[in-house]
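Here are the chains, one letter per residue:
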Amino acid sequence: MASEADFGLIGLGTMGAMLALNIADNGFRVAVHNRTTARIGEFLEEAGDLAHRLTPCPSLADLVAALKPPRNIILMVPAGQAVDDQIAALRPLLEADDLIIDAGNANFHDSARRAVEARKAGFPFLGIGVSGGAEGARFGPSIMGGGPRPAWDRVAPMLSAIAAKYEGQPCATWMGEGGAGHFVKTVHNGIEYADMQLIAESFGIMRDGLHMRPAAVADVFDRWNGGLLQSYLIEISGKVAEATDPETGQPMLDIIQDSAGQKGTGRWTAIEAQMLGAPVSVIEAAVAARNLSSNPALRRAGEALFRRENAESTPISLGENTLRDALIAGKILCYAQGFDLLVKAAREHGWDLPMPAIAQVWRAGCIIRSAMLDNMATALATAPDNLIFTPYFADLIAGKLPALRQVVGAAVGAALPVPAMAAALTYFDTLTQARGTANMIQGQRDFFGAHGFARTDRAGTGYHGPWLNQHLSE
Ligand code: 6PG
């Protein structure tokens, strides 16, 4: 077999197949392999005009033979053990300069470990986060890279070519060593969960508080997509709301079960945030809401037992613009949490995460792409403590916060669950209360464990309350 392919790609599931076509469409030759070999033939047929740039490889040895050295091999296999198995099967066939790129949704700890293992074995390895679903993979995803910089530089021209473009600028950025790329992708997904949950909550208020039918909800989302909320997620929410079930003729939203699935990346964001002491309460609320949604039988029993009498008798009156402004405020606050988590992670893991460039790489191609991310990129360049303290977002949030308070208040009064909106509001209220209530926590800790506290009137720490001797001698 002639060694003329520029890239190898293993794993021809939906995302892998789309990525291979995207790479081929950009003029590169791609050698493709899939564990179930029948799929390779099918894929070549699906490839149509692009098939001449694809080399089918029934075995890994064929794939290696088909590639120009130094080889670049992209893995698009399910995250987890399958990636390790694939690396183990490939390594004996490769030479020292051959590069393996894991482009799946890996846990960043796995990418960090694989990077260390690769370095010890003398091979380069990259872990890259790829966002944008099947359409993004085919026509331009957002790419968050991690691993050795020289390895990134080697494939950057191809990654920039296949990536989404924002005003001509490719959405493909190197985030740092080790697992940095997959960490940024994980936070992207945590924000994705929160953004989706906030939108779902505004849908819930429209459906259950304002008694609007899906078609009317769709119109609202369409209008919102024209303003500050312009984003892929608002756009598709409008499309979901307006769709009709071809089988029953009913609105699709009335037919879909209210149990959300999840593959785990949102949960990983919450776990990592907890490990780093970063407050991401809106993301945590979104993960918890998905968890709760997954037990409809329990919720049915709950509704039957408590009958929601209060809820049904409480009238709710909210204008469309108030709801929109509440969503804008909630969205800004959840992004503020995500960016804060990235800053803390960079410190902990020794990465120099390019904060404005992260917002830039999310401006196109990925699931959370939105108009607001451009403003966020500009704001983050000023290196603030928190996104909402930058002049543009401080003004915006000050203007929109009353709406968030009004919406959360109305929803709570009507027993409509708004966990992400409420978390966003509480985050804001906590962040803007100079004297909070942790003095009581410190008093309690000192009381039962002599943990000591700092005083407001003196420097230093380790002071104790008068209760200590009394309590210990009792
Ligand atoms: C993306 C998405 C994608 C993710 C799906 C499903 O950026 O393209 O984040 O990577 O796998 O959105 O995620 P859940 O199944 O966890 O909702």
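Every value quoted in this text rests on a predicted model; they were computed, and no experiment measured them.

A. The arrangement of the site of the ligand in detail. Every one of the 14 residues lining the ligand counts as a neighbour, but Asn 105, Ser 131, Lys 185, Glu 192 and Tyr 193 are closest to it. Within the backbone of Gly 132, an N or O atom sits 2.9 Å from an oxygen atom of the ligand. Residue Lys 185 places a side-chain N or O atom 2.8 Å away from an oxygen atom belonging to the ligand. Protein chains shield 81% of the accessible area of the ligand, which is 410 Å² for the free molecule. For the shell around the ligand, the leading source of residues is helix H8 (residues 180-209), giving five residues. A per-class count over the shell around the ligand returns two nonpolar, eight polar and four charged.

B. Spatial organisation of the sheet that holds strand S10 (residues 172-176). The strand order S3-S2-S1-S4-S5-S6-S7-S10 describes an open sheet built from eight strands, whose pairing is mixed. A strand with exactly one partner marks an edge of an open sheet, and here the two such strands are strand S3 (54-56) and S10. Going from strand to strand, the sheet's axes swing by 25° on average, the running direction of each strand aside. Both strand S1 (residues 7-10) and strand S4 (residues 72-75) contribute to a ladder of three bridges, which runs parallel. Within S4, the residue paired with Ile 10 across the bridge is Leu 75. The sheet contacts of helix H4 (residues 81-90) involve S1, S4, strand S5 (99-102) and strand S6 (125-131), and relative to S4 the element is tilted by about 155°.

C. Highlighting the domain arrangement of the protein chain. Structurally, the protein chain comprises domain 1 (7-178), domain 2 (187-254 + 269-346 + 361-368 + 377-431) and domain 3 (442-473). In this structure, domain 1 and domain 3 have C-alpha centres spaced 57 Å apart.

D. Region of the structure containing empty space enclosed by the protein. As enumerated under the stated definition, the model contains two cavities of 30 Å³ or more in all. Of the pockets and cavities examined, the largest cavity occupies roughly 40 Å³. Contributing to the lining of the largest cavity are Leu 19, Ile 23, Ile 74, Ile 128, Val 130, Ile 143, Met 158, Leu 159 and Ile 162. Considering each element in turn, the lining of the largest cavity owes the most residues, three residues, to helix H7 (residues 149-162). Grouping the constituent residues of the lining of the largest cavity by class yields nine nonpolar, no polar and no charged. By volume, the second largest cavity is sized at about 30 Å³. Every residue along the wall of the second largest cavity is listed here: Phe 203, Arg 207, Met 212, Arg 213, Pro 214 and Asp 254.

E. Broad picture of the packing of H8 against helix H20 (residues 419-431). Following both chains from N to C, one finds H8 and H20 inclined at 115°, their axes separated by 8 Å at the closest point. Judged by the angle between their axes, H8 and H20 are roughly perpendicular. Mapping the contact onto sequence places Gln 197, Leu 198, Glu 201 and Ser 202 in H8 and Pro 419, Ala 420 and Met 421 in H20. Of the residues contributing to the contact of H8 with H20, the split by class is four nonpolar, two polar and one charged.

F. Geometry of the layout of surface pockets. Approximately 190 Å³ is the volume found for the second largest pocket. Forming the boundary of the second largest pocket are Phe 339, Asp 340, Val 343, Lys 344, Arg 347, Met 355, Leu 380, Ala 383, Pro 384, Asp 385, Asn 386 and Leu 387. Top contributing element to the lining of the second largest pocket by residue count: helix H16 (residues 320-349), with five residues. Across the lining of the second largest pocket, the residue classes break down as seven nonpolar, one polar and four charged.

G. Quick look at the side chain of His 182. Along the chain, the position of His 182 falls in helix H8. Accessibility expressed as a relative area gives 1% for His 182, which makes it buried. Residues contacting His 182, with those up to four places away along its chain left out, are Asp 102, Gly 104, Ala 106, Phe 108, Ser 111, Gly 127, Ile 128 and Gly 129.

Cut-offs and rules
Residues numbered from 1 in each chain as written. Predicted model: local features only at pLDDT ≥ 70, side-chain atom pairs only at ≥ 80, totals over all residues. Heavy atoms only, no water. Near = heavy atom within 4 Å. Polar contact = N/O pair within 3.5 Å; in protein donor to acceptor, adjacent residues only side chain to side chain. Areas by Shrake-Rupley, 256 points an atom, 1.4 Å probe, with all protein chains shown as cover. Helix = DSSP H or I, 4+ residues; strand = E, 2+ residues; numbered from the N terminus. Nonpolar A, V, L, I, M, F, W, Y, C, P; charged D, E, K, R; others polar. Pairing = 2+ DSSP bridges. Axes fitted to C-alpha atoms, helices over the stretch in contact; angles between N-to-C directions. Contact = heavy atoms within 4.5 Å. Domains from an automatic or database assignment. 1 Å grid on protein atoms, 1.4 Å probe; cavity = no way out; pocket = protein on both sides within 12 Å on 5 of 7 lines; lining within 4 Å. Points joined across faces, edges and corners; volume = space filled by probe spheres on them. Parallel < 35°, antiparallel > 145°, perpendicular 65-115°, else oblique. Buried < 20%, exposed > 50% of the residue type's maximum accessible area, 1.4 Å probe, protein only.

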